[in-house]
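What follows is each chain in one-letter form.
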Amino acid sequence: MKRILVPTDFSEHAEYALKVAAQIAKKNNSEILLLNLLDLPTHMSDAVSSGVNIPEVMLFLRKTNERLDDLKEESYLDGLTVSAEARIEKAFEGIYTYSKEHSVDLIVMGSHGSSGFQEMFIGSNTEKVVRASDIPVLVIKNEINEFKAENFVFASDFSGEIKKPFQKLVDFANLFNANLNLVMINTPNSFKTTITAERIMNDFVKNFSINNYSLNIYNDANIEKGIINYSNSVDADLIGMCTHGRTGLAHFFNGSISEDIVNHAIRPVITFKI
């Protein structure tokens with residue numbers, strides 16, 4: 001894990017994410033990339049892209065870069081390689097473009113928890129980043145003095161199509177010497193017998209080299225409640241999910257389950273795209 005991207009709007013929740021990114025970077029000798037995005041009104045954005053210097057925009061960019069420079073000097077970033085950039089671009093497009101340009105390995109973002117993403121990440125930008133990012137996205141809700149992933153919950157239907165992103169999840173788990181609590185959620189609308197569920201999960205995990213893991217089946221009214229309630233029952237440090245891009249989540253995760261978990265779970269959530 002060489003490069004960690006932290007989009008920031010200078011809010012306290014963005015700083016929570018940066019502090020966690022710093023902990024991960026120190027553990028893995030990674031570089032942190034700070035990114036601030038200025039989403040201008042269309043007429044101003046067109047003018048800037050045409051080479052017109054709008055005084056208000058130039059002043060804002062200068063002040064933003066000064067704030068980024070100050071942020072880079074925070075004590076919790078001591079000893080790390082930190083770069084920073086301010087761009088005039090829409091939030092999702094800017095994050096996507098920047099992460100591709102700089103070969104980012106992990107995106108760490110802050111969230112306000114049950115109220116959903118605020119500040120920089122509003123409305124559809126949340127869905128776009130979590131659903132469409134090819135890069136794992138770690139969402140942080142609160143200040144975490146010591147980020148851990150030792151007790152790591154991953155909920156899935158364990159179908160064949162998640163094998164590729166699951167390997168990324170295993171690599172992340174092994175990096176933190178995590179115990180992976182692999183769980184299949186049984187609901188009234190998607191029920192499997194214990195024998196069937198265990199067979200599916202055992203057939204799936206035999207293809208991977210996982211340091212520590214357990215297989216679990218949890219019954220609940222719906223998938224979202226099952227994931228959150230199971231995670232609470234084992235006092236999870238982190239919840240992992242696989243997303244399915246623009247079409248939502250395949251099979252086990254339908255509709256907006258990933259966004260619901262990101263918004264409603266108090267615990268950190270990391271997503272991997274199928």
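Note that the structure is a prediction, hence the values are computed from the model and not measured.

**Section: the pairing of strand 4 (residues 106–110)**
With five of five residues buried, strand 4 lies mostly within the body of the structure. With burial as the criterion, each face of strand 4 is covered, one bearing L106, V108 and G110 and the other bearing I107 and M109. The sheet contact formed by strand 1 (residues 3–7) and strand 4 spans two bridges and is parallel. Paired with I4 across the strands is L106, a residue of strand 4.

**Here's the deal with the nonpolar core**
Counting residues in hydrophobic clusters, the biggest one holds 54 residues, and the most contacted among them are I32 and L138. Looking at this core, the element that brings in the most residues is helix 1 (residues 12–28), giving eight residues. The contacts of L138, once residues within four sequence positions are left out, are V20, I24, L106, I107, V108, M109, F147, L238, P268, V269 and I270.

**Some thoughts on the packing of helix 8 (residues 223–233) against helix 9 (residues 257–264)**
Relative to each other, helix 8 and helix 9 sit at 40 degrees, their axes nearing to 10 Å. Looking at the two axes, helix 8 sits oblique to helix 9. Handedness of the helix 8/helix 9 crossing: right-handed. Facing I223, E224, I227 and I228 of helix 8, the residues of helix 9 in contact are I257, D260, I261 and H264. In terms of residue class, the contact of helix 8 with helix 9 is built from five nonpolar, one polar and two charged.

**Comments concerning a negative patch on the surface**
A surface patch of negative charge is lined by D69, D70, E73, E74 and D78. Within the element layout of this structure, E74 appears in the loop between helix 3 (55–72) and strand 3 (82–88).

**Remarks on the pattern of salt bridges**
Throughout the structure, instances matching the rule amount to eleven salt bridges. With its nearest N and O atoms 3.2 Å apart, the salt bridge here joins E66 to R62. Of the two residues, E66 and R62 both sit in helix 3, four residues apart, roughly one turn of that helix. The partly exposed category is assigned to R62, whose relative accessible area is 44%.

**Looking at the confidence of the model for the protein chain**
Averaged over all residues, the pLDDT of the protein chain equals 85, while 84% of them reach at least 70. Considering only residues more than four positions removed or in separate chains, one finds that residues 115–124, a stretch of pLDDT under 50, has 27 contacts. The low-confidence segment residues 246–255 (pLDDT under 50) makes 30 contacts with residues lying over four places distant or belonging to another chain.

**Structural notes on the side chain of E224**
Relative to the helices and strands, E224 is located in helix 8. With no salt bridge to any partner, buried E224 finds its closest opposite charge in K225, at an N-O distance of 8.4 Å.

**Points about the sheet that holds strand 3**
Within a sheet, neighbouring strands are paired by backbone hydrogen bonds and run either parallel or antiparallel to one another. In spatial order, the strands read 3-2-1-4-5-10-9-6-7-8; together these ten strands make up an open sheet with mixed pairing. In this open sheet, the two strands that pair with only one neighbour each are strand 3 and strand 8 (212–219). Neighbour-to-neighbour, the strand axes of this sheet turn through a mean angle of 25 degrees, independent of strand direction. Packed onto the sheet, helix 3 meets strand 2 (31–38) and strand 3 and runs at close to 160 degrees relative to strand 3.

**Some words on the environment of S209**
Examined against the element boundaries, S209 turns out to sit in the loop between helix 7 (194–205) and strand 8. Residues S209 and V170, spaced 39 residues apart in sequence, show a C-alpha to C-alpha distance of 7.9 Å. Once you skip the residues sitting within four places of it in the chain, S209 turns out to touch V170 and N174.

Criteria and cut-off values
Residues numbered from 1 in each chain as written. Predicted model: local features only at pLDDT ≥ 70, side-chain atom pairs only at ≥ 80, totals over all residues. Heavy atoms only, no water. Buried < 20%, exposed > 50% of the residue type's maximum accessible area, 1.4 Å probe, protein only. Helix = DSSP H or I, 4+ residues; strand = E, 2+ residues; numbered from the N terminus. Pairing = 2+ DSSP bridges. Core = buried A, V, L, I, M, F, W, Y, C linked by side-chain atoms within 4.5 Å. Contact = heavy atoms within 4.5 Å. Axes fitted to C-alpha atoms, helices over the stretch in contact; angles between N-to-C directions. Parallel < 35°, antiparallel > 145°, perpendicular 65-115°, else oblique. Left-handed = near helix turned anticlockwise from the far one by under 90°. Nonpolar A, V, L, I, M, F, W, Y, C, P; charged D, E, K, R; others polar. Patch = residues over 30% accessible without salt bridge, like charges linked within 9 Å, V, L, I, M, F, W, Y side chains within 5 Å. Areas by Shrake-Rupley, 256 points an atom, 1.4 Å probe, with all protein chains shown as cover. Salt bridge = Lys/Arg side-chain N within 4 Å of Asp/Glu carboxyl O. Lys, Arg positive; Asp, Glu negative; His and termini not counted. Charge placed at Lys NZ, Arg CZ, Asp CG, Glu CD. pLDDT = per-residue confidence, 0-100.

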